[in-house]
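Chain residues, written in single-letter form:
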Amino acid sequence: MTEPTSSLTKNVQFFETGAHVTAASFLDDAPAFAMGDGAILLGEPGAANRVAAHPGGAILAAVSDGKMMVTGGDDGRVVATSRDGSAREIAHEKGRWIDALAMRAGAVAWAAGREVRARDSAGAVKAHVAPTTVRGLCFMPKGYRLALSHYNGVSLWFPNVAATPTLLEWKGSHLDVATSPDGRFVVTSMQENSLHGWRVSDSKNMRMSGYPKKSRSLSWSHDGSWLATSGADACIVWPFRDKDGPMGKAPREGGVRASKVSQVAFHPRTLVVAVGYEDGFILLCRLADAAEILVRQPQAGDGAITALAWDAIGARLAFGLDSGGAGLLTLPA
Amino acid sequence: MNDSNPLAAAPAASAQNKIPVTVLTGYLGAGKTTLLNRILSEPHGKRYAVIVNEFGEIGIDNELVVGADEEVFEMNNGCICCTVRGDLIRIIEGLMKRKGSFDAIIVETTGLADPAPVAQTFFVDQDVQSLARLDAVVTVADAKWLAARLRDAPEAKNQIAFADVIVLNKIDLVSPAELREVEARIRAINPYAKLHRAQRCDVAIADVLERKAFDLDRIMEIEPDFLEVDDHDHDHHDHSHDHHHHDHGHGHGLKHYHDEHMQSISVRLDGDVDPGKFMPWINELTQTQGPNILRCKGIVAFTEDPKRFVFQGVHMMLDGEPQREWKAGEKRESKVVFIGRDLKEDDIRKGFLACAA
């Protein structure tokens, strides 16, 4: 392929973080980077605060609702950090790791091994024990319901209902889980370099395979019609508009390079996806025509892009690397 | 800047940067945690991440200790013996977020664990493979009780068969004759592992860590570990009163045992091997006999190939590559070794010899 002709590299501020970047997000307008040294870097580059959310620990997972960042650590703690830098512990699972989290409308859920807890906005905590370790968590868009991925499938759990969760079954180890914005589909990434999907209405299975690596980053388009995925030498985007989802259809591909895609993030307002690679490269790719805009060229010593997140209006993109760097792209007005 | 000859290439950075992982196995009560604490308390200046099962009774004195659940999963690849430790994949992924804060990983398994899923995790999972490397399987065995466990606990036998290093612990609790007997029983199952006698697991750190037992580049020779003649072994201590029948006059008073179910087979072939015959043979053998083959290793001289071909495997997983060149004057000789359960020795022997060029 040829290099993208247009470039936004001049609009990128890059800075050292000193630790692996686990996740990025924006709290109101402030960029926030959750890191492997237990800290959250919060605020504009150069004027950021280091919030010691997990002193002595590592942040293994982080989610955000745009107001608050909730982090899970290898210290067993679940911590909520606000825009003003105040960090509040909302759970402590002693001796466990918190590496799966979900958040929506003030509700937070976390997993420690097989145990999942959901805390509603009023602070009431409900617990559920899954058949095996829960690797992924996400809230379903409708109702107070969670999808939990584990070995041999996904459980759909209503924390406020005593009934046994609905099991979406498929043999194998399911890692991350994501539900489509309309709640019709549940998709997991699997140990065997593939994605698995279910249509929730009838539990119909769908397999999306052919990845050379595990697909650990999944991002839905703002209209819910597309799912962008990592794990290949291009960003693979599956169509989910029709009632059968991607079944029998070919995915779109964008940003083909020699390096593998490690992170993807759909723009919150347009069908453009930010694509981060294992070598530290980032580009924006437009779904309609696969046109590309360069965001970042790899630098010596770069590791993989491990975090990518847009702000609420899609004016800024935050990214982080496993080699201890992070940056901000500000789109031209 | 480095001014040395640019042609003298540095070792591949990736292999150098991989975190070594040592697997500690051993039957209940053998002394795994004692060995672990011994390793951690030595003044080695290294920082270890320790992965333990949750039910340990002895505390572990280390900053970074992770509780594991030993979740063994089958892979969806149609291979029934291809199991991996799902929790280990998850934990190694998590540990890499604090890369730089530790130098090596030690995994302590439960006493009843089969080491194979741990080892296979390193063959199967790409992410684990790119971040970490399996260094060795170290098995702690109780000198007093191992012989009995080999009779009644298949897990104990698996752990001995699988080992790269065996720490024969609590030798102060047995007589020299009992010690010889238990060593002979170990050798009947696994003559290749390095065997270290110990009291309260007092082995040198270098004997258990940084062994590079799974490094193909380190497969130099495959010879049985020599049983040392230990002068202190003779019955001049008052506590030793050999009431066993005298054995059949092997050197050093060693008894030779044959384990009914677990054995090692080694086949040597003078001269070259035809890769066109060998590759299908080894693949077919590990595919069909994989569940019974715990470990295999080999050095092979392929026809007209100046380099030694080395391979190793765990059950159905095989890993092989050309290694260094055969040295001038070095005998081009091929050797394969299998350790496993109910192996068909004749078939394996004939099969390998039929691969001669």
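See above for the structure.
(A) Representation of the overall build of chain B within the structure. In terms of helices and strands, chain B carries eleven helices and 14 strands. Residue burial in chain B is summarised as follows: out of 357 residues, 52% are buried. Long-range pairs, those at least 24 residues apart, make up 77% of the contacts in chain B between residues at least 6 apart in sequence. With an accessible surface of roughly 16700 Å², chain B has 51% of that area assigned to carbon and sulfur atoms.

(B) Local environment of the sheet that holds strand E16 (residues 146-157) of chain A. Residues and elements named next belong to chain A. With antiparallel pairing, the six strands of this open sheet are ordered in space as E15-E16-E17-E18-E19-E20. Because the sheet does not close on itself, it has two edges, and the strands there are strand E15 (136-139) and strand E20 (204-208). Across the sheet, the mean angle from the axis of one strand to that of its neighbour is 45°, orientation sign disregarded.

(C) Structural view of the interface of chain A and chain B. Counting residues at the interface gives 29 residues for chain A, matched by 21 residues for chain B. At the boundary of chain A with chain B, total buried surface from both sides reaches about 2200 Å², with 43% on carbon and sulfur atoms. Broken down residue by residue, the surface that chain A buries against chain B is led by A:Trp97, A:Tyr151 and A:Gln191, which jointly contribute 25%. Counting the contacts that link chain A with chain B gives eight salt bridges. The residue A:Lys214 makes a salt bridge to B:Asp127 at a minimum N-O spacing of 3.1 Å. Applying the counting criterion to the chain A and chain B interface returns 13 residue pairs in polar contact (both at pLDDT 80 or more). The element best represented in the side of chain A that touches chain B is strand E17 (residues 166-179) of chain A, accounting for three residues.

(D) Representation of the environment of A:Gly197 in the model. All names here are of chain A. Mapped onto the secondary structure, Gly197 falls in strand E19 (residues 194-199). Judged by its relative accessible area of 0%, Gly197 is buried. Gly197 sits 75 residues away from Ala122 along the chain, and the two C-alpha atoms are 32 Å apart. Sequence-distant contacts of Gly197, defined by excluding residues within four places in its chain, comprise Val186, Val187, Lys204, Asn205, Met206 and Met208.

(E) Focus on unusual backbone geometry. With phi around 55°, A:Asn193 is a residue other than glycine that occupies positive phi space. Within the secondary structure, A:Asn193 sits in the loop between strand E18 (185-190) and E19. A relative accessible area of 17% places A:Asn193 in the buried class. Residue B:Lys170 is not a glycine yet carries a positive backbone phi of 65°. Relative to the helices and strands, B:Lys170 resides in the loop between strand E8 (165-169) and helix H8 (176-189).

(F) Quick look at the nonpolar core. Residue and element names in this part refer to chain B. Among the nonpolar cores identified, the biggest contains 71 residues, and Ile51, Leu95, Ile105, Phe122 and Leu168 are the most heavily contacted of them. Apart from residues lying up to four places away in sequence, Ile51 is in contact with Val66, Ala68, Leu88, Ile91, Leu95, Ile105, Ile106, Val107 and Glu108. In this structure, Tyr48, Val203, Ile205 and Val208 belong to the second largest nonpolar core, which totals 21 residues.

(G) Focus on the packing of helix H10 (residues 275-289) of chain B against helix H11 (residues 345-353) of chain B. Residues and elements named next belong to chain B. Direction vectors running N to C along H10 and H11 enclose 160°, while the axes themselves pass 10 Å from each other. In terms of orientation, H10 and H11 fall into the roughly antiparallel class. The handedness of the crossing between H10 and H11 is left-handed. Residues Phe278, Trp281 and Leu285 of H10 lie in contact with H11, whose contacting residues are Ile348, Gly351 and Phe352. Its residues placed into classes, the contact of H10 with H11 shows five nonpolar, one polar and no charged.

(H) Fine view of the packing of aromatic side chains. In this structure the tally under the stated criterion is 14 aromatic pairs over all chains. An angle of 70° between the planes, with centres 5.1 Å apart, marks the rings of A:Phe185 and A:Phe240 as edge-to-face. Taken together, the residues span a long stretch of sequence, with A:Phe185 in strand E18 and A:Phe240 in the loop between strand E23 (235-239) and strand E24 (252-254) at a distance of 55 residues. Taking the relative accessible area as the measure of exposure, A:Phe185 reaches 1% and is therefore buried. Here A:Phe240 falls in the buried class, since its relative accessible area comes to 1%. With 5.7 Å between their ring centres and 55° between their planes, B:Phe278 and B:Phe311 make a pair best called tilted. You can see B:Phe278 sitting in helix H10 and its partner B:Phe311 sitting in strand E12 (residues 307-314), a full 33 residues away along the chain. Side by side, B:Phe278 and B:Phe311 carry an identical accessibility label, which is buried. Among the aromatic residues, ring-to-ring pairing joins B:Phe278, B:Trp281, B:Phe302, B:Phe309, B:Phe311, B:Phe338 and B:Phe352 into one connected group.

(I) A look at the pairing of strand E2 (residues 48-53) of chain B. Residue and element names in this part refer to chain B. Counting buried residues along E2, six of its six residues qualify, which places the element largely inside the surrounding structure. Burial along E2 is two-sided: Tyr48, Val50 and Val52 and Ala49, Ile51 and Asn53, pointing in opposite directions, are all buried. Strand direction decides the pairing type here: E2 and strand E6 (residues 104-108), joined by four bridges, are parallel. Counted as the bridge partner of Ala49 is Ile105 from E6. As judged from the five bridges shared by E2 and strand E3 (residues 64-68), these two strands associate in the parallel manner. Within E3, the position partnered with Val50 by the bridge is Val65.

Cut-offs applied
Throughout this description, residue numbers start from 1 for each chain and increase along the sequence as written. Chain letters and ligand numbers both follow the written order, the letters beginning at A and the numbers at 1. This being a predicted model, a pLDDT of at least 70 is required before a residue's local features are given, and a value of 80 or more before pairs of side-chain atoms are given or counted; all residues contribute to the totals for chains, interfaces and linings. Note: side-chain values were computed over all heavy atoms of the structure, leaving out hydrogens and water. Numbering of helices and strands runs from the N terminus; a helix is a DSSP stretch of H or I covering at least four residues, while a strand is a stretch of E covering at least two. Only protein chains enter the area calculation, which uses a 1.4 Å probe; residues under 20% of their type maximum are buried, those over 50% are exposed, and those in between are partly exposed. Any pair of residues with heavy atoms lying within 4.5 Å of one another is described as a contacting pair. Note on areas: Shrake-Rupley, 1.4 Å probe, and residue coverage restricted to the protein chains presented here. Two strands pair under a simple rule: DSSP has to find at least two bridges between them. Between N-to-C directions, angles cover 0 to 180 degrees, with each direction set by a line fitted to C-alpha atoms, over the stretch in contact for helices. As used here, buried area is the combined drop in accessible area, with a 1.4 Å probe, of two parts when they are placed together. The salt bridge definition used is simple: a Lys or Arg side-chain nitrogen within 4 Å of an Asp or Glu carboxyl oxygen. Counted as a polar contact is a pair of N or O atoms within 3.5 Å, where, for protein atoms, one must be capable of donating a hydrogen and the other of accepting one, and residues adjacent in sequence contribute only when both atoms are in side chains. In plain words, nonpolar cores are sets of buried Ala, Val, Leu, Ile, Met, Phe, Trp, Tyr and Cys residues tied together by side-chain atoms within 4.5 Å. In this scheme, roughly parallel covers angles under 35 degrees and roughly antiparallel covers those over 145, while 65 to 115 is roughly perpendicular and the rest are oblique. Less than a right angle of anticlockwise turn of the near helix away from the far helix marks a crossing as left-handed, whereas a clockwise turn marks it as right-handed. In this classification, the charged set is Asp, Glu, Lys and Arg, the nonpolar set is Ala, Val, Leu, Ile, Met, Phe, Trp, Tyr, Cys and Pro, and all remaining amino acids, among them Gly, are polar. Between rings of Phe, Tyr and Trp, where Trp is taken as its six-membered ring, a pair exists when centres lie within 6.5 Å; planes separated by under 30 degrees are stacked, by over 60 edge-to-face, and by other angles tilted.

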